[in-house]
Amino acid sequence: MDIELQKKWELLDRLIVSLTNIHELSSAAYSHKLNEELYEPVLENACNLIKASRGSIMLFDEKSQTLNIIASKGISAEVIASTRLKSGEGVAGLAFQTGKIITTEDPGNENGYVGYIGAPEQREPFVAIPIRTRKKVLGVLNLHVADYRVLKDEYVLKILAVLADKTAITVENVGLNEAMRGFYLEMVETLTRVIDAKDSYTHDHGARASARARRISEEMGLEEDLVREIEYAALLHDIGKIGISELILRKPSRLTPQEYETIKKHTAIGYQILHPIQFLGRVPKMVLHHHEWFNGSGYPAGLKGEEIPIGSRVVSVIDAWDAMVSDRPYRKALSFDRAIEELEKGRGEQFDPKVVDVFVQLFRNEWSKLDGAESADNHSHTAGQP
Ligand SMILES: [Fe+2]
């Protein structure tokens, strides 16, 4: 294997490892795995702080409208299973409802003890500390102590409140998952720049392509989630080229049929790279099918018409446009008028007619008027160009 190719495969390998890690983190945010990873250490710290032998963290579940134990130490399985508190129920429910720290010396005798089965941990003094952000209370941290006097110390309670607040901020960040998306997209943009540098045809088209994908999708009346995914697909559609030899990608002359077959694999490679990323939703499929033709004669699956994901149909038009209005080693860039003619010719054959119509309309009304917007890759669009 030549050294260049080997380097690329190493990069691809590292990419997959990074993506897998991010995937695990971001998808764990929706499962109990991260809860354990995140809350168990928080609980452990809190217990150590006041030498509590037992404790639990309860989070409010919006669906069931109850507080459920999601992390525990020294609490029996029966108690965990039987504890489902509504807001205001029992000591923990009251701490949740009021947002205030509540201590109790003898919880078993507390009015309205829900799920009391007389287990030892239910008879110990404990403190319930609300886990809250500025906006709302997310749950409760409960700590059991042998000696009630510990809970009379104002300072201890303050420290525990700080710990609970820190926990809340972390919980909120995990719930939003936005930071992760931002980080991931930055990484993807960096990678697309790497690909751009390798494949001279795609140079610097990523940002403009994704902006256009958004405008077209909005104009077609698609819902925001789908619009966002199509935007990502426009940015990521050629990511699989990272797995294709540079010798083929940069070949100055026309490709042999065998080389063409190799290049075609970039759709499947892109899919393999992206499909483990849960929050990308339909993006991997859009990437897989971005070389399908509307009449069914494209690749890799030969899908036809509306069988082709809408995102792929949008990307296909934008991608063809970018290719046509850029110089190629074996031909000059087409003028904008000629490129529009080509899109029209491909209506219903290579391209979804609706997407072509929206593209051409937007190009005429908005994009062609942006001063110098395309001059970098279409220096030759004045009259007389082929
Ligand atoms: Fe492609």
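Residues numbered from 1 in each chain as written. Predicted model: local features only at pLDDT ≥ 70, side-chain atom pairs only at ≥ 80, totals over all residues.

### Remarks on the overall build of the chain
Broken down by element type, the chain carries 15 helices and 6 strands. The buried share of the chain, taken over its 386 residues, is 35%. In the chain, 61% of the contacts between residues at least 6 apart in sequence involve partners at least 24 apart. (Helix = DSSP H or I, 4+ residues; strand = E, 2+ residues; numbered from the N terminus. Buried ≥ 20, exposed ≤ 12 C-beta atoms within 10 Å, placed from the backbone. Contact = placed C-beta atoms within 7 Å.)

### A short note on the confidence of the model for the chain
Across the chain, the average pLDDT comes to 79, with 74% of residues at 70 or higher. Here residues 25-34 scores under 50 on pLDDT; set against residues more than four positions off or in separate chains, the count is 12 contacts. Confidence over residues 375-386 falls short of pLDDT 50; this stretch has 15 contacts with residues more than four positions distant or in other chains. (pLDDT = per-residue confidence, 0-100.)

### Concerning the packing of helix α14 (residues 336-345) against helix α15 (residues 353-365)
Following both chains from N to C, one finds α14 and α15 inclined at 160°, their axes separated by 9 Å at the closest point. As judged from the angle between their axes, α14 and α15 are roughly antiparallel. The way α14 lies across α15 gives a crossing that is left-handed. The segment α14 lies against α15, with I340, L343 and E344 engaging V356, F359 and V360. (Axes fitted to C-alpha atoms, helices over the stretch in contact; angles between N-to-C directions. Parallel < 35°, antiparallel > 145°, perpendicular 65-115°, else oblique. Left-handed = near helix turned anticlockwise from the far one by under 90°.)

### Some details on the sheet that holds strand β6 (residues 137-144)
A sheet is described by the order of its strands in space; here 6 strands give the open sequence β3-β2-β1-β6-β5-β4, paired in antiparallel fashion. Of all the strands in the sheet, the pair left with one neighbour each is β3 (84-85) and β4 (102-104). (Pairing = 2+ DSSP bridges.)

### A few points about helix α11 (residues 266-274)
For α11, the full list of buried residues reads H266, T267, G270, I273 and L274. Buried residues of α11, seen end-on, are gathered within an arc of 125° and therefore sit on one face of the element. (Arc of directions from axis to C-beta.)

### Topic: the nonpolar core
By size, the foremost hydrophobic cluster in this structure holds 38 residues, and its most contacted members are A233, V314 and V317. Going through the elements one at a time, α7 (206-219), α8 (224-236), α11, α12 (283-288), α13 (310-324), α14 and α15 are the ones with two or more residues in this core. If near-sequence neighbours (up to four positions away) are discounted, A233 is found in contact with V283, M286, V287, G311 and V315. Membership of the second largest hydrophobic core comes to 33 residues, among which are Y39, I57, F96 and I131. (Core = buried A, V, L, I, M, F, W, Y, C linked by C-beta atoms within 7 Å.)

### Comments concerning the environment of P252
Turning to its location among the elements, P252 is positioned in the loop between α9 (246-249) and α10 (257-264). In sequence terms P252 and R328 are 76 residues apart; their C-alpha atoms lie 8.2 Å from each other.

### With respect to unusual backbone geometry
Residues Y299 and P300 are joined by a peptide bond in cis, for which omega reads 5°. Its location among the elements puts P300 in the loop between α12 and α13. Its identity is not glycine, yet Q65 carries a phi of approximately 60°, on the positive side.

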